[in-house]
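Coordinate inspection notes
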Amino acid sequence: MASEHEQSFGLGVGNKSVKLADPNQSWHEAYLLEEAAIRKALGDLAIDVQHFGSTSIPTIKAKPIIDIAVGVRRFEDGLACVEPMASIGYVYAGSNIVPDDHIFGRDIQGDTRTHLVHVVEYGGPTWRNFLIFRDRLRREPDLAHAYEALKIELAAKYANDRASYTAAKKDFIQKILSEGT
């Protein structure tokens, strides 16, 4: 189910494909609208909600999918989010895809992903890693552009294999995380 705004924000990539888009300042607005809907749906379950991923870095190309981190008190609380998230158009993909991460997706017509929500333990390792990586790229333009160059190269190589594209970025991400803040 797509909101009336998703098309105007230029959001959406086929579920298995990799297509990068030029930076779009409206992605932040799209995040803010979604953050408000998530906070309303989850209430006290959500301790914090943050925009992360490449659409949160205003200077680099990104898959036009808004990545959102929702921090909950305990990882197990992610299961209590399934019904409220469904009420605002999210499908629960499970917690067995990525360790310590309840994943929810929103699609247009079932095949074009526009939003990906990660419900994780607030302050836990996954939460911290999301924000450390985002904040480093926001603070260090050279690092952000090196990441963008890698993404462009990998998107050309893995245009129809999002899993391989994502896996091929892991070394770069791990290096940034190992350097800390």
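Scroll up a little and you will see the structure.
I will try to describe carefully the structure that is included in this document. (Residues numbered from 1 in each chain as written. Predicted model: local features only at pLDDT ≥ 70, side-chain atom pairs only at ≥ 80, totals over all residues. Heavy atoms only, no water.)

**Remarks on the pairing of strand 3 (residues 66-72)**
Strand residues, when the strand is regular, have side chains that alternate between the two faces of the sheet. Counted residue by residue, strand 3 has seven buried out of seven residues, so it is predominantly covered. Burial along strand 3 is two-sided: Ile66, Ile68, Val70 and Val72 and Asp67, Ala69 and Gly71, pointing in opposite directions, are all buried. One ladder, built from five bridges, connects strand 2 (residues 48-52) with strand 3; its direction is antiparallel. Across the sheet, Asp48 pairs through a bridge with Gly71, a residue of strand 3. (Buried < 20%, exposed > 50% of the residue type's maximum accessible area, 1.4 Å probe, protein only. Helix = DSSP H or I, 4+ residues; strand = E, 2+ residues; numbered from the N terminus. Pairing = 2+ DSSP bridges.)

**Observations regarding the pairing of strand 2**
Buried residues dominate strand 2, accounting for five of its five residues. Here strand 2 shows no split at all, with Asp48, Gln50 and Phe52 on one side and Val49 and His51 on the other all buried.

**Comments concerning helix 3 (residues 125-139)**
Over its 15 residues, helix 3 extends 21 Å from the first C-alpha to the last, a length consistent with the 21 Å expected when each residue adds 1.5 Å. What helix 3 keeps buried is the set Thr126, Trp127, Phe130, Leu131, Ile132, Phe133, Arg134, Arg136 and Leu137. (Expected span 1.5 Å × (residues − 1).)

**So, the pattern of salt bridges**
Following the criterion strictly, the structure yields ten salt bridges and no others. It is possible to trace a salt-bridge network through shared partners that takes in Arg136, Glu140, Lys175 and Glu179. (Salt bridge = Lys/Arg side-chain N within 4 Å of Asp/Glu carboxyl O.)

**As for the nonpolar core**
Ranked by internal contacts, the top residues of the largest apolar core, which has 21 residues, are Ile38, Ile68, Val70, Met85, Tyr90 and Val117. Counting residues per element, this core draws most heavily on helix 1 (residues 26-42), at five residues. Sequence-distant contacts of Ile68, defined by excluding residues within four places in its chain, comprise Tyr31, Glu34, Ile38, Val49, Gln50, Phe52, Tyr90, His115, Leu116, Val117 and His118. Grouped together as the second largest cluster of nonpolar side chains are 16 residues, Phe133, Leu137, Ala155 and Tyr165 included. (Core = buried A, V, L, I, M, F, W, Y, C linked by side-chain atoms within 4.5 Å. Contact = heavy atoms within 4.5 Å.)

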